[in-house]
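Given next are the chains, with one letter for each unit.
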Amino acid sequence: MIKTVFHIPPAFSGNQAKHVLVSPSEEGVSFLYFQQHPFFVAGLSVYQYSNVPGQLERAGLLAEACKQEPGKNETWENIYILGNGKPALLVPNAYYSPGENENSLDLVFGESLETVCFADDLPQLQAKNIWRMQQDEYHYLQTHYPGTRYLHANTMALAGTCESGDALHCIVERNQLKVILFSGGTLQIIQQFTYHTPVDAVYYLLNTCKQYEMSPHSIPLILYGYIETDSTLYQDMYKYFLTINFAEMPRDVNVSEPISQYPGHYFVHLIQLASCAL
């Protein structure tokens, strides 16, 4: 079964071209509908799978969510599928071999059922981001959204996250953290973690800082996603991180009135992905 977390149907402006971003993961799928000139977010939906599904169930749940959204009968200027699963690995160009994508992912994340592998180019890092998607999910998306461009969310997150100093960016979702650490403006790590309690989540943040010799007392922690100051997770973070900020909506982004009723940090990570995809 799927759970609807947010469902804000798109209210497009005028006759401008329409774009859609679909971001599936192991635990759910998000949809973002937007236009350019000016950048306008017309609608969005977020679905969570009630229980973390097995690999064979995931395509069916994805299809259930997609059927509740505008699909192939719409006229889309661009369709972006941004995979957001954990199996994603940065490989320097000097060590990259196209024939080793599947073996490399299996070595780090374990073997999987039939998958489709991708390699996103990251010229700013002189590296490739290799990742995979379940074949059944891929085949369904190919049918439901023909003419699609596939990228990984990490690829777009790196394109849209810039720092001149030290910062720890953290995207919070149900049972998932995505951590992006910069030191002196240089990317140190981008990684997803599965957590079950707030203590687990804080441990991953603290351990990331320890591995890269960063002090949680001095590094700014920037939060995205579904977290509030009165949550146990936030309060546990604040015991160790003295500077915590919520990510802010970019000034050049306009959103529909229903979206504006929610805190900007809920959706800014999705919106940044969309703005980088164009």
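Here, the structure is the one placed above.
What counts, and at which threshold
Residues numbered from 1 in each chain as written. Predicted model: local features only at pLDDT ≥ 70, side-chain atom pairs only at ≥ 80, totals over all residues. Heavy atoms only, no water. Helix = DSSP H or I, 4+ residues; strand = E, 2+ residues; numbered from the N terminus. Rg over C-alpha atoms; globule rule 2.2 N^0.38 Å. Buried < 20%, exposed > 50% of the residue type's maximum accessible area, 1.4 Å probe, protein only. Contact = heavy atoms within 4.5 Å. Lys, Arg positive; Asp, Glu negative; His and termini not counted. Charge placed at Lys NZ, Arg CZ, Asp CG, Glu CD. Phe/Tyr/Trp six-rings, centres within 6.5 Å; stacked < 30°, edge-to-face > 60°. Pairing = 2+ DSSP bridges. Axes fitted to C-alpha atoms, helices over the stretch in contact; angles between N-to-C directions. Arc of directions from axis to C-beta. Patch = residues over 30% accessible without salt bridge, like charges linked within 9 Å, V, L, I, M, F, W, Y side chains within 5 Å. Areas by Shrake-Rupley, 256 points an atom, 1.4 Å probe, with all protein chains shown as cover. Salt bridge = Lys/Arg side-chain N within 4 Å of Asp/Glu carboxyl O. Polar contact = N/O pair within 3.5 Å; in protein donor to acceptor, adjacent residues only side chain to side chain.

1. Structural notes on the overall build of the protein
Counting its regular elements, the protein contains 8 helices and 15 strands. Taken over the C-alpha trace, the protein has a radius of gyration of 18 Å; the compact-globule value for 278 residues is 19 Å, and the two agree within 12%. Within the protein, buried positions represent 50% of all 278 residues. Considering only intrachain contacts with a sequence separation of at least 6, the fraction spanning at least 24 residues in the protein is 60%. Of the side-chain charges in the protein, 14 are positive and 27 negative, and the distance between the mean point of each set is 2 Å.

2. Focus: the packing of aromatic side chains
Across all of its chains, the model carries 20 aromatic pairs by this definition. The interplanar angle of 50° and the centroid separation of 5.1 Å between the aromatic rings of Y138 and Y150 together place this pair among those described as tilted. On the criterion of sequence distance, the pair formed by Y138 in helix α3 (residues 135-144) and Y150 in strand β9 (residues 149-152) is long-range, its members being 12 residues apart. For the pair Y138 and Y150, a shared accessibility class is recorded, and that class is buried. Centroid distance Y234 to F246: 5.8 Å. Interplanar angle 25°. Geometry classified as stacked. Note that Y234 is positioned in helix α6 (residues 232-238) and F246 in strand β14 (residues 244-246), a separation of 12 residues in sequence. In this structure Y234 comes out as buried when scored by relative accessible area, which is 10%.

3. Quick notes on the pairing of strand β7 (residues 115-122)
Pairing between β7 and strand β8 (residues 127-134): 8 bridges, direction antiparallel. Note on β8: the bridge partner recorded for C117 is R132. Between β7 and the antiparallel strand that follows it, β8, lie 4 residues; Q126 among them carries a positive phi value of about 50°.

4. Looking at the side chain of H269
If you trace the backbone, H269 turns up in helix α8 (residues 268-277). Residues in contact with H269, not counting those within four places in the same chain, are I171, E173, Y224 and G225.

5. Regarding the sheet that holds strand β11 (residues 176-183)
Overall, mixed pairing links the 5 strands, which are arranged β12-β11-β10-β13-β14 in an open sheet. Looking at strand neighbours, the two that pair on one side only are β12 (186-194) and β14, the edges of this open sheet. Pairwise comparison of adjacent strand axes, ignoring direction, gives a mean angle of 20° for this sheet. Examined bridge by bridge, strand β13 (residues 221-225) and β14 share 3 bridges and lie parallel to one another. Looking at the pairing, L221 lines up with I244 of β14. The sheet strands contacting helix α5 (residues 198-211) are β10 (167-173), β11, β12 and β13, and the helix crosses β11 at an angle near 20°. Against the sheet, α8 contacts β10 and β13, and its axis sits at roughly 85° relative to β13.

6. Brief notes about α3
Among all positions in α3, only E137, Y138, Y140, L141 and H144 are buried. Buried residues of α3, seen end-on, are gathered within an arc of 165° and therefore sit on one face of the element.

7. Let's talk about a nonpolar patch on the surface
A contiguous nonpolar patch, built from L107, V108 and F109 and spanning about 310 Å² of accessible area, is present on the exposed surface. Considering the arrangement of structural elements, one finds L107 in helix α2 (residues 101-109).

8. A word on the side chain of E27
Positionally, E27 belongs in the loop between β2 (19-24) and β3 (28-35). Accessibility expressed as a relative area gives 9% for E27, which makes it buried. At 3.4 Å, the side chain of E27 forms a polar contact with the side chain of R174.

9. A closer look at the sheet that holds β7
Spatially, β6-β8-β7 is the arrangement adopted by the 3 strands of the open sheet, whose pairing is antiparallel. Two strands close off the open sheet at either side, each with one partner strand: β6 (88-92) and β7. Within the sheet, the average angular offset between the axes of one strand and its neighbour, ignoring direction, is 25°. Packed onto the sheet, α2 meets β6, β7 and β8 and runs at close to 80° relative to β8. Docked against the sheet, α3 engages β7 and β8, running at close to 90° with respect to β8.

10. Regarding the pattern of salt bridges
Tallied over the full model, the rule gives 6 salt bridges. Residue E74 is joined to K18 by a salt bridge in which the shortest nitrogen-to-oxygen separation is 3.4 Å. Within this pair, whereas E74 is found in the loop between α1 (55-66) and β5 (78-83), its partner K18 is found in the loop between β1 (2-8) and β2, the two being separated by 56 residues in sequence.

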